[in-house]
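One-letter residues, chain by chain:
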Amino acid sequence: GIFLPLIVVNCIILGRAEGFASKNGIGASAVDGVCQGIGYTIVLIIMCVFRELLGSGKFGGGLLDCVLAGKPLR
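Residues numbered from 1 in each chain as written. Predicted model: local features only at pLDDT ≥ 70, side-chain atom pairs only at ≥ 80, totals over all residues. Heavy atoms only, no water.

Novice: In this structure, what is going on with the side chain of Gln36? I would like to understand it.
Specialist: Summarising the element assignment, Gln36 is placed in helix α2 (residues 26-56). Judged by relative accessible area, which is 12%, Gln36 ranks as buried. Discounting chain neighbours no more than four positions away, the residues touching Gln36 are Ile13, Arg16 and Ala17. (Helix = DSSP H or I, 4+ residues; strand = E, 2+ residues; numbered from the N terminus. Buried < 20%, exposed > 50% of the residue type's maximum accessible area, 1.4 Å probe, protein only. Contact = heavy atoms within 4.5 Å.)

Structure representation (structure tokens):
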């Protein structure tokens, strides 16, 4: 099912991080880990925005529409 691709992607991410950490020092590895985390977060946010726009045609589940119209969110 869905778990096999998740496990594979997780192994790729961890393998890349371990490969970098084994060849570099603690400081460089820490910076690399933080930058990887920020990069993956940005990619996930972009994918979520596209999915939301394609799925419902709204951004934020209609929250933006309610704020702009001055209506309470139900």
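Novice: It is not clear to me how the packing of helix α1 (residues 3-23) against α2 should be interpreted in this structure. Could you clarify?
Specialist: In helix packing, the relevant descriptors are the interaxial angle and the interaxial distance, both defined with respect to the helix axes. Look at α1 against α2: their axes get within 9 Å of each other, and the N-to-C directions meet at 155°. Of the possible angle classes, the one that applies to α1 and α2 is roughly antiparallel. Judged by the sense of rotation from one axis to the other, the crossing of α1 with α2 is right-handed. Judged by residue contacts, Ile13, Arg16, Ala17, Phe20 and Ala21 of α1 engage Ala28, Ser29, Asp32, Gln36 and Tyr40 from α2. Class assignment for the residues of the contact of α1 with α2 results in six nonpolar, two polar and two charged. (Axes fitted to C-alpha atoms, helices over the stretch in contact; angles between N-to-C directions. Parallel < 35°, antiparallel > 145°, perpendicular 65-115°, else oblique. Left-handed = near helix turned anticlockwise from the far one by under 90°. Nonpolar A, V, L, I, M, F, W, Y, C, P; charged D, E, K, R; others polar.)

Novice: I keep staring at the side chain of Ser29 and nothing clicks. Help me out?
Specialist: Among the structural elements, Ser29 can be located in helix α2. Given the relative accessible area of 18%, Ser29 is considered buried. Within the structure, the side chain of Ser29 is placed 2.7 Å from the backbone oxygen of Gly25, a separation counted as a polar contact. Other than its neighbours up to four places away in sequence, Ser29 contacts Phe20, Ala21 and Asn24. (Polar contact = N/O pair within 3.5 Å; in protein donor to acceptor, adjacent residues only side chain to side chain.)

Interpretation in functional terms is not warranted from these geometric data alone.
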